[in-house]
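Topology and contacts: notes
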Amino acid sequence: MYLEIVTPEAMLFSGEVTSVAVPGINGEFQMLNNHAPIVSLLGAGNVKIQGDITLDEDIADKFTQDGKDTILTINSGTIEMKDNKIIVLAD
């Protein structure tokens, strides 16, 4: 599945991933390949990405690595999953 993470400042990530876990306002949830369409608000927490992740040098400092997870900490945002594409608008 394809993931885009966008902030007001820049597009932080764009590429193929195997799973994404996000901090929904009612708790964390995970999306895998061919997940049902969803739109949700996000709360403060970590966006955890799994897959063969390559980050640009200028934004790599915004992410951390924890084993096989690539993690981005956010304050809030929204997420849309449709047609095997995830768009995270993060703050």
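Scroll up a little and you will see the structure.
Here's a quick rundown of the structure. (Residues numbered from 1 in each chain as written. Predicted model: local features only at pLDDT ≥ 70, side-chain atom pairs only at ≥ 80, totals over all residues. Heavy atoms only, no water.)

The secondary structure content of the chain amounts to zero helices and ten strands. Secondary structure elements of the chain, listed N to C terminal, follow the sequence β-β-β-β-β-β-β-β-β-β. Over its C-alpha trace the chain gives a radius of gyration of 12 Å, about what one expects of a compact globule, namely 12 Å for 91 residues. With the C-alpha coordinates aligned to their principal axes, the bounding extent of the chain is approximately 35 × 25 × 25 Å. Burial statistics for the chain: of 91 residues in total, 40% are counted as buried. In the chain, the proportion of contacts linking residues at least 24 apart, taken out of those at least 6 apart, comes to 53%. Accessible surface, the chain as shown: approximately 5300 Å² in total, 48% of it carbon and sulfur. (Helix = DSSP H or I, 4+ residues; strand = E, 2+ residues; numbered from the N terminus. Rg over C-alpha atoms; globule rule 2.2 N^0.38 Å. Buried < 20%, exposed > 50% of the residue type's maximum accessible area, 1.4 Å probe, protein only. Contact = heavy atoms within 4.5 Å. Areas by Shrake-Rupley, 256 points an atom, 1.4 Å probe, with all protein chains shown as cover.)

With that out of the way, let us pick up the side chain of Thr70. The residue Thr70 is located in strand E8 (residues 69-74) in this model. According to the relative accessible area criterion, Thr70 is buried, its value standing at 2%. Within the structure, Thr70 has its side chain in polar contact with the side chain of Gln65 (distance 2.8 Å). Contacts of Thr70, omitting those with residues within four sequence positions, involve Val47, Lys48, Ile49, Ile53, Leu55, Phe63, Thr64 and Gln65. (Polar contact = N/O pair within 3.5 Å; in protein donor to acceptor, adjacent residues only side chain to side chain.)

Bringing the pattern of salt bridges into the picture now. Tallied over the entire structure, the rule returns two salt bridges. Its salt-bridge partner being Glu4, residue Lys85 comes within 3.5 Å of it at the nearest N-O pair. One end of the pair, Lys85, is in strand E10 (residues 85-90); the other, Glu4, is in strand E1 (residues 2-6), and 81 residues separate them in sequence. Lys85 gets classed as partly exposed once you look at its relative accessible area, which sits at 32%. Glu4 sits in the buried class, given a relative accessible area of 15%. (Salt bridge = Lys/Arg side-chain N within 4 Å of Asp/Glu carboxyl O.)

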